[in-house]
Structure formats: C-alpha cells, structure tokens
Amino acid sequence: VNGLHGTVWLVGAGPGAPDLLTLRAARLLQEADVVLYDALVHPEIVALAGNARKISVGKRSGRISTEQRFIDRALVEAARHHARVVRLKGGDPMLFGRAQEEIDALEAAGIEYHVVPGVTAALAAAAELRTPLTSRGLSRSVAFATARSGRGTGEDDGWVDAIVGADTGILYMGVEHAARIAVSLIAAGKAALTPVAIVERASHPDSRTLRCTLAGLARGEIAEIATPAVLCIGEVFAKRDAEALQIAAGL
Ligand SMILES: C[S@@+](CC[C@H](N)C(=O)[O-])C[C@H]1O[C@@H](n2cnc3c(N)ncnc32)[C@H](O)[C@@H]1O
C-alpha cells in the first residue's frame, strides 16, 4: 500500500449488458484487490475482477439508510487494508447512486478516490427505443428525476416541476408508483396526451418497451412492469408511424 491508505475508484458498471462497460472500468477491475458491487451489476462484469475479494453490497429499498452507512464503512475499511479498491455501481455512479455519501465517508477518512463514468439507464433506454432524447424543434431539454426522496418515507415534489418543465423527462425508480406519478404530472399541468415509453431492463436481451400516454398510465393501463425500468415522458416518444415517415421521405 502506497502511504497509509489505498485508493478507491467509484466505477460505473453501465445499465446491464457487460459489453457496455468502459475499457477503463475493465482495467480497474482486473487490477483491483477488493471490489464492492451493487445487486444490479451483471455477474460477468464482477468476474472481470479475477482474484480480487468480491463483496456484494446489494441493497433493497426500505432499509436503504442503515445499509448505506454499512457500505460507507465497508468502503473505508477496504481502503485501509488494500491498495486498490473498486466500488462498482450500476449505471453511472453520479446519478441516483448515493455517491455523495460514499465520497463524504472517503473524504472524512482522508482516502484518495476517483470516479469513472458509466452508461446511465436513461441513455440505455434511449438506445433501446432508438429515440434521441433531444430533437430539433421537439425537445431542447432533458430532465433526469426520481419521485423517491431517499430520505425515508416522505416525498418531495421537486421532481414534478423538473419533469413538467423539461421537454423530455426520464424518471428513475418510479415504476412501483407509475400511476400516481402520472396523476401528479397531469395535475401539475403536463398534457394528458403526452407520450410515455416504459423501458424495462434496457440493454439486456429481454428488454421490453411498453407504450401509453400519461392519461393511460394514470388510469392504470400499464399493470405490470418488470424492474429495473425507467419511465420516459415526452413528445419525442410518440410512436412514429413507419409508413407516414416513408411517405414524407418520398419513398
Ligand atoms: C438506484 S437507481 C441507479 C441508477 C444508476 N446509477 C444509473 O445511472 O443508471 C436504480 C434505477 O435505475 C433504473 N435502471 C437501472 N438499470 C436499468 C436498466 N437496465 N433499464 C431500465 N432502468 C434501469 C431504474 O429506474 C432503477 O430503479
């Protein structure tokens, strides 16, 4: 170990498909002494760490805060005993990944750390849908939001303004409350006929897309959604009629 402590890398594992991992992430995994990984990370990605000690720190909603403190402590402990520690997080570490708590713990302990970006779920969903999130004349802004506060049971409504105010909105961790989310958005002024695409398991071979409008979602038209999934809301997600496009292109 160089100096008193090892170094920690907060690494984005991407949305699921192992080949969406960055080359930098793959190299860091191969060189790691310890890897602490999230529940959603594909086993093939974890396996890249070869002989490293691999610790699953998967968490389930409900008990998040105690478990987050456990993860923060485990991370600091790992860096006290090992030179190269990788904290592997689903998607990109800097979006809805509680990275700030881990960064605070590392800074408080005086541990050197770096961040490696990953493909976030919203962008994997856009790829799955083959729909640009921005589009000339249709969408000049994108909001990534979550309806979950992460501070226990209470909710705050900042996410509503974010989604209503943006041309395109992507909601993370929202599928359990999809109907209620749609009701809140319509009540706040989002057009009831705004197209919605729900992308389940983006980048996985069994990925599935469900389409409706905000009104349909509010009425409970979409009954079962497999997780993980994102709610994609905005005019860019209107189902484009292939025939109409061919006519427009003069084919
Ligand atoms: C705790 S957040 C972590 C987000 C992650 N840091 C990222 O950048 O994608 C977990 C949420 O991400 C979304 N998610 C993660 N992987 C996904 C995937 N492959 N397809 C669709 N949504 C996904 C879901 O909304 C899920 O509830």
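Residues numbered from 1 in each chain as written. Predicted model: local features only at pLDDT ≥ 70, side-chain atom pairs only at ≥ 80, totals over all residues. Heavy atoms only, no water.

Caption draft 1: Summary view of the pairing of strand 7 (residues 168-172). With respect to burial, strand 7 is a largely interior element, five of its five residues being buried. Across the two faces of strand 7 the burial is the same, with Thr168, Ile170 and Tyr172 and Gly169 and Leu171 all buried. Where strand 6 (residues 142-146) lies against strand 7, five bridges are found, and the strand directions are parallel. In the strand pairing of strand 7, Ala145 is matched with Leu171. Pairing between strand 7 and strand 10 (residues 229-234): four bridges, direction antiparallel. Looking at the pairing, Thr168 lines up with Gly234 of strand 10. (Buried < 20%, exposed > 50% of the residue type's maximum accessible area, 1.4 Å probe, protein only. Helix = DSSP H or I, 4+ residues; strand = E, 2+ residues; numbered from the N terminus. Pairing = 2+ DSSP bridges.)

Caption draft 2: Representation of the layout of surface pockets in the model. The volume enclosed by the second largest pocket comes to roughly 440 Å³. Lining the second largest pocket are 16 residues, with Leu129, Arg130, Thr131, Ala238 and Arg240 positioned closest to its centre. By residue class, the composition of the lining of the second largest pocket is seven nonpolar, three polar and six charged. (1 Å grid on protein atoms, 1.4 Å probe; cavity = no way out; pocket = protein on both sides within 12 Å on 5 of 7 lines; lining within 4 Å. Points joined across faces, edges and corners; volume = space filled by probe spheres on them. Nonpolar A, V, L, I, M, F, W, Y, C, P; charged D, E, K, R; others polar.)

Caption draft 3: Broad picture of the packing of aromatic side chains. All told, the structure shown has two aromatic pairs when counted by the stated rule. Aromatic side chains Phe96 and Tyr172 sit 4.7 Å apart centroid to centroid with 50 degrees between the ring planes, which places their arrangement in the tilted category. Separated by 76 residues along the polypeptide, Phe96 in the loop between strand 4 (84-89) and helix 4 (99-108) and Tyr172 in strand 7 bring together distant segments of the chain. Of the residues examined, Tyr172 reaches a relative accessible area of 9% and is grouped as buried. A connected cluster of aromatic rings, assembled from ring pairs, spans Phe96, Phe144 and Tyr172. (Phe/Tyr/Trp six-rings, centres within 6.5 Å; stacked < 30°, edge-to-face > 60°.)

Caption draft 4: Expanded view of helix 6 (residues 158-165). All of the buried residues in helix 6 are Trp159, Val160 and Ile163. Mapping the buried residues of helix 6 onto a view down its axis gives an arc of 105 degrees, with all of them on the same face. Residues of helix 6 that are exposed and angled more than 90 degrees away from the buried face: Asp161 and Gly165. Contacts from the buried residues of helix 6 go to strand 6, strand 7, helix 7 (178-187) and strand 10. (Arc of directions from axis to C-beta. Contact = heavy atoms within 4.5 Å.)

Caption draft 5: Geometry of the nonpolar core. One finds Trp159, Ile163, Leu171, Leu185, Ile198, Leu217 and Ile225 to be the most contacted residues of the largest nonpolar core, which totals 24 residues. Elements supplying a minimum of two residues to this core: strand 6, helix 6, helix 7, strand 8 (195-200), strand 9 (208-213), helix 8 (214-218) and strand 10. When residues in this core are grouped by element, the largest group, four residues, is from helix 7. When residues no more than four places from it in sequence are discounted, the contact partners of Ile163 are Ala143, Ala145, Gly169, Ile170, Leu171, Leu185, Lys190 and Ile233. By size, the runner-up hydrophobic cluster in this structure holds 19 residues, among which are Leu21, Tyr37, Val41 and Ile45. (Core = buried A, V, L, I, M, F, W, Y, C linked by side-chain atoms within 4.5 Å.)

Caption draft 6: The sheet that holds strand 7, seen in detail. Read from one edge to the other, the open sheet built from five strands follows the order 6-7-10-8-9, with strand pairing classed as mixed. Of all the strands in the sheet, just strand 6 and strand 9 have a single pairing partner and so form its edges. Going from strand to strand, the sheet's axes swing by 20 degrees on average, the running direction of each strand aside. Packing of helix 6 onto the sheet brings it into contact with strand 6, strand 7 and strand 10, and relative to strand 6 it is tilted by some 155 degrees. (Axes fitted to C-alpha atoms, helices over the stretch in contact; angles between N-to-C directions.)

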